[in-house]
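# Residue-level structural notes
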Amino acid sequence: MKYDVVVVGAGIAGPIVARNVAKAGYSVLLIDKKPAIGSPKQCAEGISIKVFDKYDIPYDRRYINREIYGARIYSPSGYELELRYNEVSGVILERKVFDKMLAYYAAKAGADVLARTEALDVIRKDGKVAGIKAKHEDEPVEIYADIIVAADGVESTVARKAGINTYAPPHEFDSSYEYEMLIEGFDPDLIHLWFGNEVAPRGYVWVFPKDEDRANVGIGIASDHPQTAKYYLDKWLKENNIPMKKILEVNVGLVPVGGFVKELVKENVLVVGDAARQVNPMHGGGMAEAMEAGTIASKWIVKALEEENLSLLQNYTAEWWEKDGKRLEGVLRVRRVTEKLTDEDLDLFIQILSGADAEKIAGGDYVEVIKALLTHPKVLMSRRRLSLLKELL
Ligand SMILES: Cc1cc2nc3c(=O)[nH]c(=O)nc-3n(C[C@H](O)[C@H](O)[C@H](O)COP(=O)(O)OP(=O)(O)OC[C@H]3O[C@@H](n4cnc5c(N)ncnc54)[C@H](O)[C@@H]3O)c2cc1C
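Basis of the calculations
- Residues numbered from 1 in each chain as written.
- Predicted model: local features only at pLDDT ≥ 70, side-chain atom pairs only at ≥ 80, totals over all residues.
- Heavy atoms only, no water.
- Near = heavy atom within 4 Å.
- Polar contact = N/O pair within 3.5 Å; in protein donor to acceptor, adjacent residues only side chain to side chain.
- Areas by Shrake-Rupley, 256 points an atom, 1.4 Å probe, with all protein chains shown as cover.
- Helix = DSSP H or I, 4+ residues; strand = E, 2+ residues; numbered from the N terminus.
- Nonpolar A, V, L, I, M, F, W, Y, C, P; charged D, E, K, R; others polar.
- Expected span 1.5 Å × (residues − 1).
- Buried < 20%, exposed > 50% of the residue type's maximum accessible area, 1.4 Å probe, protein only.
- Contact = heavy atoms within 4.5 Å.
- Axes fitted to C-alpha atoms, helices over the stretch in contact; angles between N-to-C directions.
- Parallel < 35°, antiparallel > 145°, perpendicular 65-115°, else oblique.
- Salt bridge = Lys/Arg side-chain N within 4 Å of Asp/Glu carboxyl O.
- Pairing = 2+ DSSP bridges.
- Phe/Tyr/Trp six-rings, centres within 6.5 Å; stacked < 30°, edge-to-face > 60°.
- Lys NZ or Arg CZ within 6 Å of the ring centre and 35° of its normal.
- Patch = residues over 30% accessible without salt bridge, like charges linked within 9 Å, V, L, I, M, F, W, Y side chains within 5 Å.

Moving on, we come to the site of the ligand. Within the structure, the ligand sits among 32 residues, and Ile12, Asp32, Gly46, Arg95 and Asp274 are positioned closest to it. Arg95 places a polar side-chain atom, nitrogen or oxygen, 2.8 Å from an oxygen atom of the ligand. Expressed as a share of its isolated accessible area of 990 Å², the protein-covered part of the ligand is 90%. Sorting the residues of the shell around the ligand by element identifies β9 (117-125), β16 (247-256) and α6 (287-306) as the ones contributing at least two each. Residues of the shell around the ligand, tallied by class, amount to 12 nonpolar, 12 polar and 8 charged.

Following this line, the structure appears as structure tokens:
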């Protein structure tokens, strides 16, 4: 088999690349090791409404499970901060359908798609990566391509085999555990997030509603913590008197939250999405980031093929770092500061922040909010809080 481009991984990033490159008229093969693309999923399935227009994805009820109007945040002692919009701000997807449909859109655009096809290694010719050794339905196959895209998720092997340094220590990952379960008593128009060092060390507990009484209920904590994510999630459910006898699905996964792969391209190999650790380090969401990276990568793949100049692929690294990389490095800085907050600090900040402040912080526009906090009497009284907040300016 020989293609212009082979894309390994049909999660979010892979199908976006495959679709865009196929649309431009080049031959593309998209492979995934799963027998059914999208399943099993490892995701809470929440995403901003903005991505549908921005990345040209149909707003299709087949994978939009529920429309969401905002968020409610809970402090360790139970103080609440609500952010509610008049219009739909996000959706809870059905990822098992969404991922498969993204692969379908790639196929419709002209890409070939092969499920149950696992990349095992790269093929090298004269020292250069010339393709992928894979296993399709248990049979070995060799796929040759001018350009290879590693979109194979957090446990990516393809980029590493091609010599791209994707290593990160365990501390730079969050470990997540999630139940899709029957759960009552939460406003199903909002996502719900609980913070606190006893609740979820470094992370948070989430309830992302799918029906009035069904939700993804999960947790992310630092993966090198001595206790497991499941321990903390079960503890939270017990403390909140939520019965654990109606569990429809269990998902476990790692989320890269500690920084991003520096060199995203090595010769003719590109790395995108979770494989490049392109995730928002504050909330662990990575679908929009995978779409953005996939869009930038595919733009430079098409240019490199048009101009028959593979050195143009390097522009993907430069453009990603200029756009998303710079922004996400800022978010990482904020995460590192918020990690140092005590439960008392969290209680205080959730009490004194308004919904409008939270909206600004969520949008990355936090400097004005920090400046205002620096004048608050309860912040002025604490040298530690003052210095933590000043780290953010
Ligand atoms: C518990 C949990 C909850 C999350 N919740 C959210 C959320 O609510 N919102 C959000 O935006 N993000 C969330 N994320 C993060 C989000 O799921 C990822 O950032 C996103 O899926 C990244 O997309 P991707 O295409 O890079 O990788 P993936 O979606 O992981 O896709 C990689 C694909 O590659 C395939 N693959 C891997 N190795 C091979 C191989 N060798 N050969 C062939 N195929 C291979 C896999 O089967 C998979 O389909 C969550 C993550 C976890 C773990």
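A separate point is helix α3 (residues 95-108). Along its 14 residues, α3 runs 19 Å from first to last C-alpha, staying within 8% of the 20 Å computed at 1.5 Å per residue. Those residues of α3 not exposed but buried are Arg95, Phe98, Asp99, Met101, Leu102, Ala103, Tyr105 and Ala106. Packing partners of the buried residues in α3 comprise α1 (13-23), β2 (28-31), α2 (50-54), β7 (90-93), β8 (112-114) and α6. The positive-phi residue at the C-terminal boundary of α3 is Gly110, with phi of around 120 degrees.

Right, let's talk about the packing of helix α8 (residues 343-352) against helix α12 (residues 383-390) for a bit. Direction vectors running N to C along α8 and α12 enclose 70 degrees, while the axes themselves pass 12 Å from each other. It follows that α8 is roughly perpendicular to α12 by the angle criterion. The segment α8 lies against α12, with Glu344, Asp345, Leu348 and Phe349 engaging Arg384, Arg385, Leu388 and Leu389. In terms of residue class, the contact of α8 with α12 is built from 4 nonpolar, no polar and 4 charged.

Under the criterion given, the structure shown has 36 salt bridges. A salt bridge links Glu319 to Lys323; the shortest N-O distance between them is 2.6 Å. With Glu319 and Lys323 both in helix α7 (residues 314-338) and 4 residues apart, this pair spans about one turn of that helix. Using a relative accessible area of 12% as the deciding quantity, one classes Glu319 as buried.

On to the pairing of β9. In the sheet, β9 pairs with strand β10 (residues 128-136) via 8 bridges, with the strands oriented antiparallel. Note that in β10 the partner of Ala119 across the bridge is Ala134. Linking β9 back to β10 in an antiparallel pair, the connection comprises 2 residues, with Asp126 at a positive phi of about 50 degrees.

Those residues of helix α5 (residues 229-239) that fall on the buried side of the exposure criterion are Ala229, Tyr232, Leu233, Asp234, Trp236 and Leu237. Among the structural elements, β12 (173-182), β13 (191-194), β14 (204-211) and β15 (214-222) are those in contact with the buried residues of α5. Positive phi shows up at Asn241, right after α5, with a value of about 55 degrees.

Attention now goes to the sheet that holds β7. Pairing is antiparallel in the open sheet, where 3 strands are placed in the order β3-β7-β4. Of all strands in the sheet, those with a lone pairing partner are β3 (46-48) and β4 (64-68), marking the two edges. Averaged over all pairs of adjacent strands, the angle between strand axes in this sheet comes to 30 degrees, irrespective of strand direction. The sheet contact formed by β3 and β7 spans 3 bridges and is antiparallel. By the bridge assignment, Ser48 is partnered in β7 with Gly90.

Bringing the sheet that holds β12 into the picture now. Reading across the sheet, the 7 strands line up as β6-β5-β13-β14-β15-β12-β16 and stay open at both edges, with mixed pairing between neighbours. Looking at strand neighbours, the two that pair on one side only are β6 (80-84) and β16, the edges of this open sheet. Sheet twist, expressed as the average angle between the axes of neighbouring strands with direction ignored, equals 15 degrees. Of the pairings in the sheet, the one linking β14 to β15 comprises 7 bridges and is antiparallel in character.

All chains considered together, the criterion is met by 14 aromatic pairs. Pairing Phe260 with Trp321 gives two aromatic rings, centres 6.1 Å apart and planes at 75 degrees, and the pair type is edge-to-face. With Phe260 in the loop between β16 and β17 (265-266) and Trp321 in helix α7, this residue pair connects regions lying 61 residues apart in the sequence. Of the two residues examined, Phe260 and Trp321, each falls in the buried class. For the cation-ring pair, Lys303 lies above Trp300, with the distance from its terminal atom to the ring centre recorded as 5.1 Å.

By the element assignment, Asn251 lies in strand β16. Within the structure, the side chain of Asn251 is placed 2.9 Å from the backbone oxygen of Lys41, a separation counted as a polar contact. If sequence neighbours within four positions are ignored, Asn251 has contacts with Lys41, Gln42, Cys43, Ser176, Tyr177 and Glu178.

In this section: a nonpolar patch on the surface. Nonpolar side chains collect at one region of the surface, where Met244, Ile247, Val250 and Val252 lie side by side and expose about 290 Å² of accessible area between them. Note that Ile247 resides in strand β16. Overall, the relative accessible area of 32% leaves Ile247 in the partly exposed class.

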